[in-house]
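# Architecture at a glance
Residues per chain, in single letters:
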Amino acid sequence: MIHENLKEVEENIVKACKKVGRDPNEVTLIAVSKTKPVEDIRQAMAYGIRDFGENKVQELTSKIEVISEKLNWHLIGHLQRNKVKYIVDSACLIHSVDSMRLAMQIEEEAKKKGITANILIEVNIAKEDSKFGVAKEEVQGLLREIANLKHVCVKGLMTIAPYVENAEENRKYFSEMYKLFVDMRSENADNIRMEILSMGMTGDYQVAIEEGATMIRVGTGIFGERNYTI
Ligand SMILES: *Cc1c(COP(=O)(O)O)cnc(C)c1O
């Protein structure tokens, strides 16, 4: 089943790119494996997937422990400052940075380990009370502050769009994110490289791609429904 699902997602990526004249190679698919067992991850690996997304630090570190192959692990969920030390050198990209305090904590832990941590700024584009992320008006200010950190590199922006029945309802938010992303590209600092726009999930990734996403995060559409009760 996972292989069929992956094939379908990949076909949809190609279709969405064709529709707007984009090259499918510009879009990275992150398989969101949260709550799913290692066997499921292995199936996706057998298909050729190398990018996996987890939203909990503990789950990410325990999966890394049992899977020895070199993979790209993305931390996509909210990150508490006291947990930064556990993932700063194992996550290839932290998608959820939404404060200077968190960025400074990442700086401190990355410095200790002698590495540069790659991060995205999470934007609450629809200004939902229930979501983390900075308002779009705050992004530039945060970028300018982070520009002073030597062990943190900002690679782009991330958003979690509202949950909607009809993906078209999110088009305006994806389009706003793309505009912001392009505007922020003109921010110049050694550690700011606006290359990644992480947006789009199972329900709306085609629309996100049409509006310029370079990374999509798909869980249910690959691994099936999640069961949080077990
Ligand atoms: C769970 C999750 C996803 C994947 O959601 P699906 O709707 O299952 O594709 C994507 N991004 C984030 C931040 C998530 O927490």
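Small disclaimer: the values here were computed from a predicted structure and weren't measured. (Residues numbered from 1 in each chain as written. Predicted model: local features only at pLDDT ≥ 70, side-chain atom pairs only at ≥ 80, totals over all residues. Heavy atoms only, no water.)

To continue, consider helix H1 (residues 2-20). If you check H1, its first and last C-alpha atoms are 28 Å apart, about what 19 residues at 1.5 Å a residue would give, namely 27 Å. Listing the buried residues of H1 in full gives Ile2, Asn5, Leu6, Val9, Asn12, Ile13, Ala16 and Cys17. Each buried residue of H1 sits inside an arc of 130° when the element is viewed along its axis, so together they form one side. In this structure, H1 carries Glu4, Lys15, Lys18 and Lys19 as exposed residues pointing more than 90 degrees from its buried face. On its buried face, H1 is in contact with strand E1 (28-32), helix H2 (38-47), helix H8 (205-210), strand E8 (215-218) and helix H9 (220-223). Count one or two residues on from H1 and you reach Gly21, which has phi positive near 70°. (Helix = DSSP H or I, 4+ residues; strand = E, 2+ residues; numbered from the N terminus. Expected span 1.5 Å × (residues − 1). Buried < 20%, exposed > 50% of the residue type's maximum accessible area, 1.4 Å probe, protein only. Arc of directions from axis to C-beta. Contact = heavy atoms within 4.5 Å.)

Below, the discussion takes up the site of the ligand. The ligand sits among Val32, Lys34, Ile76, Ile160, Met201, Thr202, Arg217, Val218, Gly219, Thr220 and Arg226. Interatomic distance of 2.4 Å between a side-chain N/O atom of Thr202 and an oxygen atom of the ligand. Within the side chain of Arg217, one N or O atom sits 2.8 Å away from a nitrogen atom of the ligand. Protein contact buries 90% of the 390 Å² of open area that the ligand shows by itself. Grouping the constituent residues of the shell around the ligand by class yields five nonpolar, three polar and three charged. (Near = heavy atom within 4 Å. Polar contact = N/O pair within 3.5 Å; in protein donor to acceptor, adjacent residues only side chain to side chain. Areas by Shrake-Rupley, 256 points an atom, 1.4 Å probe, with all protein chains shown as cover. Nonpolar A, V, L, I, M, F, W, Y, C, P; charged D, E, K, R; others polar.)

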